[in-house]
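Listed below, chain by chain, are the residues.
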Amino acid sequence: MSRIGRLPIDIPAGVEVKIEDNNKVTVKGPKGTLVKELPTEMDIKVENNQVVVTRPNDLKKMKSLHGLTRTLINNMVIGVTEGYKKVLEINGVGYRGQKQGKKLTLSLGYSHPVEMEDPEGIEVTMEGQNLIIVSGIDKEKVGQYAAEIREKRKPEPYKGKGIKYQDEVIRRKVGKTGKK
């Protein structure tokens, strides 16, 4: 049995989980509602305030889908109760960000400012000029948008300039040395 897949998911108070046909799971909570269609092969049941995922057989594909399905439902439950948050740091002389309405404007050393529009269901806030906080209830969307922001100027290994995740460690390299 999958170690992750067999763990039941506790449903906290104020959270409602509905499973419709074709494994369409709807999780409703204090922060919002998430709907996701999960693999139809898995058997998902709500019994005594817990969600239980079981697999029909022990084929390799079923084993891998078992843990995945359970984790996706768990992420939805955490999302509607606590939400998800990613913090990005802008490092470098003259590199900064600004927030105007739903638009994030980044000055990253290019000849033009980089403008990004917040996607639906994602909230972006700035702390000072060099901390970007991406938050929302869908873990996948939060991670994807944070990755798109980071992609605009990845941190480079020599001076560490660019946009990095707050908990990311950049492996630094030694620069050129002069002639002997």
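What you are looking at is a predicted structure, and each value in this text was computed from that prediction instead of being measured.

A.B. asks: Mind laying out the environment of Val142, listing which residues take part and the relevant values?
C.D. replies: Looking at the element boundaries, Val142 is found in helix H2 (residues 139-151). Once residues lying within four places of it in the same chain are set aside, the contact partners of Val142 are Tyr84, Lys86, Ile122, Val134, Ser135 and Gly136.

A.B. asks: So what about the side chain of Thr26? Which residues, and what values?
C.D. replies: For Thr26, the location among the structural elements is in strand S3 (residues 24-29). For Thr26, the contacting residues outside a window of four places in its chain are Glu16, Val17, Lys18, Glu20, Thr33, Leu34 and Val35.

A.B. asks: How would you explain the packing of aromatic side chains if you had to name every residue and give the values?
C.D. replies: Inspection of every chain in the model, using the stated rule, returns zero aromatic pairs. A cation over a ring is seen here: Lys86 above Tyr165, with NZ or CZ 5.3 Å from the ring centre. Here Arg153 stacks its cationic end above the ring of Tyr110, 4.3 Å away from the centre of that ring.

A.B. asks: Any details on helix H1 (residues 60-81)? Residues and values, ideally.
C.D. replies: A rise of 1.5 Å per residue sets the reference length of H1, with its 22 residues, at 32 Å; its end C-alpha atoms lie 33 Å apart and thus fit the reference within 8%. Listed as buried for H1 are Met62, Leu65, His66, Gly67, Thr69, Arg70, Ile73, Asn75, Met76, Val77, Gly79 and Val80. One or two positions beyond H1, positive phi appears at Gly83, with a value near 85 degrees.

What counts and what doesn't
Residues numbered from 1 in each chain as written. Predicted model: local features only at pLDDT ≥ 70, side-chain atom pairs only at ≥ 80, totals over all residues. Heavy atoms only, no water. Helix = DSSP H or I, 4+ residues; strand = E, 2+ residues; numbered from the N terminus. Contact = heavy atoms within 4.5 Å. Phe/Tyr/Trp six-rings, centres within 6.5 Å; stacked < 30°, edge-to-face > 60°. Lys NZ or Arg CZ within 6 Å of the ring centre and 35° of its normal. Expected span 1.5 Å × (residues − 1). Buried < 20%, exposed > 50% of the residue type's maximum accessible area, 1.4 Å probe, protein only.

Honestly, it's all geometry; don't read function into it.
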